[in-house]
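Fold and geometry: a report
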Amino acid sequence: MKVKELTVKQFKSLIQEAIEEKLEELIGDPDIGLDLREEIKERLRSSLAARQRGEKGIPIEEVARQAGLDW
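These numbers were taken from a predicted model, which means no experiment stands behind them. All residue numbers refer to positions counted from 1 along the written sequence of the respective chain. Only residues with pLDDT of 70 or above have their local features reported here, since the model is predicted, and side-chain atom pairs are shown and tallied only from 80 upward, although totals for entire chains, interfaces and linings are computed over all residues. Hydrogens and waters are ignored; side-chain quantities use all the structure's heavy atoms.

Within the protein chain, the regular secondary structure consists of three helices and zero strands. Strands are runs of DSSP state E lasting at least two residues, helices are runs of H or I lasting at least four, and both sets are numbered from the N terminus onward. Along its sequence from the N terminus, the protein chain presents helices and strands in the succession α-α-α. Relative to its length of 71 residues, the protein chain is extended, with a C-alpha radius of gyration of 19 Å against a globular reference of 11 Å. For the C-alpha atoms alone, the extent of the protein chain along its principal axes is close to 50 × 30 × 30 Å. Carbon and sulfur atoms make up 56% of the accessible area of the protein chain, which amounts to about 7,100 Å² in all. Treating the 13 positive side-chain charges of the protein chain as one cloud and the 16 negative ones as another, the clouds have centres 6 Å apart. Radius of gyration here uses only the C-alpha atoms, and the compact-globule reference equals 2.2 Å multiplied by the residue count raised to the power 0.38. Per-residue accessibility takes into account occlusion by the displayed protein chains alone, with areas from the Shrake-Rupley method and a 1.4 Å probe. In this tally, Asp and Glu contribute negative charge and Lys and Arg positive charge; neither His nor the terminal groups of the chain are included. Where a charge sits is defined by one atom per residue type, namely NZ (Lys), CZ (Arg), CG (Asp) or CD (Glu).

Written out as structure tokens, the structure reads:
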């Protein structure tokens, strides 16, 4: 497929993907090799299990409000 055949949405997605790849290449993951504390691991496990049971998380608007951010 040629670029001229892409929709605007497909083109934006392609550009976003290319930027993300380049940033990952330049910056990398600063957390690679670091260990998570056991309590954080447990919170993540609990959160994942809740999602698998179909439970909803905290809405982003509430998280932003608690952090004092405008969303």
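Picking up after the structure, the text goes on.
So, on to a nonpolar patch on the surface. A cluster of nonpolar residues, Val 3, Phe 11, Leu 14, Ile 15, Ile 19, Leu 23, Leu 26 and Ile 27, forms a patch on the protein surface that exposes about 760 Å² of accessible area. Checked against the element boundaries, Phe 11 lands in helix α1 (residues 8–27). Phe 11 sits in the partly exposed class, given a relative accessible area of 36%. Patches in this entry comprise residues that are over 30% relatively accessible and not in a salt bridge; like charges within 9 Å are linked, as are nonpolar side chains (Val, Leu, Ile, Met, Phe, Trp, Tyr) within 5 Å. What makes a salt bridge here is a side-chain nitrogen of Lys or Arg within 4 Å of a carboxyl oxygen of Asp or Glu, nothing more. Three exposure classes are used, based on accessible area relative to the maximum for each residue type with a 1.4 Å probe and protein chains only: buried under 20%, partly exposed in between, and exposed over 50%.

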